[in-house]
Amino acid sequence: MAEDVANAIKHQSFDRLFILTDTTTLRLCWPLICALPCFQGAQMITIGDTDDNKTLESLAHVWTALQQGGATRHSLLVNLGGGMVTDLGGFAASTFKRGIAYINIPTTLLSQVDASVGGKTGINFGGLKNEIGVFNCAATVILSSEFLRSLDLRNLLSGYAEMLKHGLISDTESWAELLRFELDNGQGTTDYRQLGALVAKSVAVKERIVEEDPTEKGLRKALNLGHTAGHALESLAMEQGRTVLHGYAVAWGLICELYLSVVKCDFPKDKLRQTVQFIRQNYGDFTFECKEYDRLYEFMTHDKKNEGGIINFTLLGDIGDIRINQQASKDDIFEMLDFLREG
Ligand code: GLY
């Protein structure tokens, strides 16, 4: 991993180097690479380590540190952290002096397979997630399973849900390989080498899609599979003061949207069954009641992916057979929630 980092930095030409971390990655991840000669003289910028730091204030802190540290158009920002750091750092770099280059070194599984790749950058604003931002890809993204060793199983599972999504929109073999892999082999250990190989495949799926549709006009909507329902579940949980990791909500969202895929697009029932079994076994159940269906529906109607006020789903006709811009009635959606709740 040290070699990959050193090589990536060597291939960039820059006058000053800045490293953005959060308080946790500064403690757990920076020590793994700080001794590299390429980081000699680099200036550190640190922000708080939770998603509520993805704010205008933190962004201003990064801009100020760049300015006071003498950054020019030819400076380089390295974002070392999870999705919050890579999103905010990517946006800070994309806007400072109209844009300086940045490199992402994602340190969580979720950011390795999703946030750090594909050029979506931004901050939360006015109570809305990722409300302000731009599309602008990192010069390089460095993936290393070394960083994943400090993650607990819940955080690994959270990222794994996005990998499952990539498998579903890709091909049956990749999907089956993901269902076979045991993140926790039963003795509390993970095969990080194999996980690293699965991550590389997963990122390649996203890269292929982003290359074809960088600004989400069409095909990139495939990456929203599981997210219309998932975001609603996440919002409900947040409103109720329950902690639900993003990937868990996506996993339960996949159950919902694959069920809808069966109903509306003839997705094969046995593949639904196998996926649901894997998710319920690893992620457990999202507990909620019928009286919360209306609130979930309301969250879905406010999803920023909707067009013309109509709830917009990405569904599948089969694994890899992507159907974007699918609509469902309120009855369909309630039936989908029944399926999630009762199986
Ligand atoms: N997270 C989905 C995307 O990057 O489009």
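Residues numbered from 1 in each chain as written. Predicted model: local features only at pLDDT ≥ 70, side-chain atom pairs only at ≥ 80, totals over all residues. Heavy atoms only, no water.

### Here we look at unusual backbone geometry
- At Asn 130, a position not held by glycine, the phi torsion is positive, near 50 degrees.
- If you trace the backbone, Asn 130 turns up in strand β6 (residues 128-132).
- With a relative accessible area of 34%, Asn 130 lands in the partly exposed category.
- With a phi close to 55 degrees, Asn 325 is a non-glycine residue in the positive phi region.
- Along the chain, the position of Asn 325 falls in strand β9 (residues 321-326). (Helix = DSSP H or I, 4+ residues; strand = E, 2+ residues; numbered from the N terminus. Buried < 20%, exposed > 50% of the residue type's maximum accessible area, 1.4 Å probe, protein only.)

### Focus on a nonpolar patch on the surface
- On the surface, Leu 56, Phe 125 and Ile 132 cluster together to form a nonpolar patch covering roughly 240 Å² of accessible area.
- You can see Leu 56 is positioned in helix α4 (residues 56-68). (Patch = residues over 30% accessible without salt bridge, like charges linked within 9 Å, V, L, I, M, F, W, Y side chains within 5 Å. Areas by Shrake-Rupley, 256 points an atom, 1.4 Å probe, with all protein chains shown as cover. Salt bridge = Lys/Arg side-chain N within 4 Å of Asp/Glu carboxyl O.)

### Notes on the site of the ligand
- The local shell around the ligand consists of Asp 114, Lys 120, Lys 206, Glu 216, Arg 220 and Leu 223.
- The contact in question runs from a nitrogen atom of the ligand to an N or O atom on the side chain of Asp 114, over 3.0 Å.
- Contacts to the ligand include Lys 120, whose side-chain N or O atom sits 2.9 Å from an oxygen atom.
- Protein burial of the ligand: of its 200 Å² of free accessible surface, 87% is covered by the chains.
- When the residues that make up the shell around the ligand are grouped by side-chain class, the tally is one nonpolar, no polar and five charged. (Near = heavy atom within 4 Å. Polar contact = N/O pair within 3.5 Å; in protein donor to acceptor, adjacent residues only side chain to side chain. Nonpolar A, V, L, I, M, F, W, Y, C, P; charged D, E, K, R; others polar.)

### Considering the pattern of salt bridges
- Evaluation of the coordinates by the stated rule reveals 18 salt bridges.
- Where Asp 114 meets Lys 206, a salt bridge forms, and the shortest distance between an N and an O atom there is 2.7 Å. Placement of the pair is Asp 114 in helix α6 (residues 109-115) and Lys 206 in helix α9 (residues 192-212), with a sequence separation of 92 residues. Grouping residues by exposure puts Asp 114 and Lys 206 together as buried.
- Measuring nitrogen to oxygen at the nearest pair gives 2.9 Å for the salt bridge that ties Asp 285 to Arg 280.

### Quick word on the layout of surface pockets
- There is about 240 Å³ of room inside the second largest pocket.
- Looking at the second largest pocket, it is lined by 21 residues, and the ones nearest its centre are Ser 116, Val 117, Gly 118, Val 141 and Glu 207.
- Of all the elements in the fold, those that place two or more residues in the lining of the second largest pocket are α5 (83-95), β4 (101-106), β7 (140-141) and α9.
- For the lining of the second largest pocket, a count of residues per class yields ten nonpolar, seven polar and four charged. (1 Å grid on protein atoms, 1.4 Å probe; cavity = no way out; pocket = protein on both sides within 12 Å on 5 of 7 lines; lining within 4 Å. Points joined across faces, edges and corners; volume = space filled by probe spheres on them.)

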